[in-house]
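Residue strings, one per chain:
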Amino acid sequence: MTKFVYADNAATTKLDIDAFEAMKPFLLQEYGNASQPYSFSRSSKKAIKEARTIIAKCINAEPDEIYFTSGGTESNNWVLNSIAGCNRDCKIITDNIEHHAILETCHSLEAQGYNIQYISANKIGKIDIEIFEASISDNVKLASIMLANNEIGTIQDIQKLCEIAHKNGILFHTDAVQAIGHIPVDVKKLGIDFLSASAHKFNGPKGIGFLYIKKGIEIRPFMNGGAQENGLRAGTENVASIMAMAIALKKNVENIIPNMQHIKNLEYELIRRLALSEIDFIRNGDMEHHIPGNINLSFKGQDGEVLLHRLDLKGIMVSTGAACDTQNTQISHVLKAIGIPNDYAEGTIRISLSKDNTMADIVYIIDELIKILN
Ligand code: PLP
């Protein structure tokens, strides 16, 4: 039987078993609508409150600063569209390596006449602080810079960028979908106004996430039609998924240091073995500050899609670029933006490890990869 090694954790993660167990009562027994006043709905209401408190504690926020959404895409759309909607002639600053949930929302705003400024990331995917500061002009109301890049794992200096934004009266949003549950995140320390997160990236269920909105910041509702989420995001709450998201995040945050260490050890071994093979490759991203386990490799003269399918035949799941890009055979916008030469960029795969991967997985991945490349 073919072995199975899942190494595409930046695309999605396995649902944590305790998170799954936490869902069951709210699907089978305690299914009351949390908005109903009768006693049967009390446990749903209590669960939402408890989940909000758990999640807030994990990122050092207050419970009433957490708004449940359907995930990262929704949270990103909410912030950008709402701030633009409140300020007809405003400008927004972002960068050229953001996830499409930011970039396409910005393109849609541009089509409506808004002015969006895209800062170029440098060759390791970093946003230069001075370039960010120099890009600030009149009427900029919002800056949106991701905490960690989904393709190459580069982590930005959000605290510093946010400080500069605030000094200039600009609100600051960060897409932290790839960071939450994987590296420590403290919203108060970062100073940010908005943060997007998605449960399926940290062993929670798909289709649920949250938006952190700093107390006192005004934002328009994402959806109208009910009083849920303080009247800002209408719709009957997905209690089971909300509870599971909280349990998954709490578990990841409680074990974050040992998990990071374990993943870094695996990553080190993978790169060490690959380097010994004398195969011509580039590792993309910031080697000093990146999400543990996000390993983006470009192999000269190869085809990333062919590599993906040949690894798949061996039971190894990796990605060529962003997961959302798999229909698209073009070189990813991130690799283009950081200037990876075409003959390397075309042969790119992203291996993204998790706490569940083992050293045996690494040995298997590398052995098979080297055989394919040779
Ligand atoms: N932002 C980043 C950085 C991501 O990696 C992703 C998913 O790949 C998203 C946003 C979208 O999140 P979701 O799948 O929850 O809509």
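Before any of the text, the structure's been laid out above.
Please read all numbers here as calculations on a predicted model, not as lab measurements.

**Q** Account for helix α6 (residues 158-167), naming residues and giving values.
**A** Of the positions making up α6, those classed as buried are I158, L161, C162, I164 and A165. Mapping the buried residues of α6 onto a view down its axis gives an arc of 160 degrees, with all of them on the same face. Residues of α6 that are buried sit in contact with α5 (129-134), β6 (171-175) and α7 (187-190). Positioned one or two residues after α6, G169 has a phi angle of 70 degrees, which is positive.

**Q** Explain the packing of aromatic side chains to me, using residue names and the numbers behind them.
**A** Inspection of the entire model under this criterion finds five aromatic pairs. Ring centres of W78 and F222 lie 6.1 Å apart, and the angle between their planes is 50 degrees; on these two criteria the pair is classed as tilted. With W78 in helix α3 (residues 72-86) and F222 in the loop between β8 (209-213) and α8 (239-254), this pair connects stretches of sequence that are 144 residues apart. Measuring from centroid to centroid gives 6.4 Å for F132 and F172, while their planes differ by 70 degrees, and the two rings are edge-to-face. Here F172 lies in strand β6 and F132 lies in helix α5, a separation of 40 residues in the sequence.

**Q** Residue-level account of the nonpolar core, with values.
**A** Grouped together as the largest cluster of nonpolar side chains are 72 residues, with contacts concentrated most on F132, F172, L195 and F210. Every residue in contact with F132, bar those within four places of it in the chain, is listed here: I93, I119, I127, A143, I145, L161, I164, A165 and F172. By size, the runner-up hydrophobic cluster in this structure holds 26 residues, among which are I263, F299, V318 and I365.

**Q** Which residues make up unusual backbone geometry, and what values do they have?
**A** Despite not being glycine, N230 shows a phi value in the positive range, around 60 degrees. Its place among the elements puts N230 in the loop between β8 and α8. The class of N230 is exposed, set by a relative accessible area of 64%. Phi at E278 takes a positive value of approximately 65 degrees, unusual for a residue other than glycine.

**Q** Tell me what's going on with the pattern of salt bridges, and back it up with residues and numbers.
**A** Tallied over the full model, the rule gives 17 salt bridges. The salt bridge partner of K24 is E21, with a shortest N-O separation of 3.0 Å. Of this pair, K24 and E21 both sit in helix α1 (residues 17-28), separated by three residues, roughly a single helical turn. Here K24 falls in the partly exposed class, since its relative accessible area comes to 31%. When its relative accessible area of 39% is taken as the criterion, E21 is described as partly exposed.

**Q** Could you give an account of the sheet that holds strand β2 (residues 66-69), with specific residues and numbers?
**A** As summarised here, the arrangement of the seven strands in space is β2-β8-β7-β6-β5-β3-β4, forming an open sheet in which the pairing is mixed. Two strands bound the open sheet, and with one partner strand each, they are β2 and β4 (115-119). Strand after strand, the sheet turns through a mean of 20 degrees between neighbouring axes, direction not considered. Of the strand pairs in this sheet, strand β3 (residues 91-95) and strand β5 (residues 140-144) are connected by three bridges, and their pairing is parallel. Looking at β5, one finds that I93 is bridged to A143. Sheet strands touched by helix α2 (residues 42-58): β2 and β8. Its angle to β2, the strand with the most contacts, is close to 115 degrees. Those strands touched by helix α4 (residues 100-111) are β3, β4, β5 and β6, and its axis lies near 145 degrees from that of β4.

Conventions and cut-offs
- Residues numbered from 1 in each chain as written.
- Predicted model: local features only at pLDDT ≥ 70, side-chain atom pairs only at ≥ 80, totals over all residues.
- Heavy atoms only, no water.
- Buried < 20%, exposed > 50% of the residue type's maximum accessible area, 1.4 Å probe, protein only.
- Helix = DSSP H or I, 4+ residues; strand = E, 2+ residues; numbered from the N terminus.
- Arc of directions from axis to C-beta.
- Contact = heavy atoms within 4.5 Å.
- Phe/Tyr/Trp six-rings, centres within 6.5 Å; stacked < 30°, edge-to-face > 60°.
- Core = buried A, V, L, I, M, F, W, Y, C linked by side-chain atoms within 4.5 Å.
- Salt bridge = Lys/Arg side-chain N within 4 Å of Asp/Glu carboxyl O.
- Pairing = 2+ DSSP bridges.
- Axes fitted to C-alpha atoms, helices over the stretch in contact; angles between N-to-C directions.

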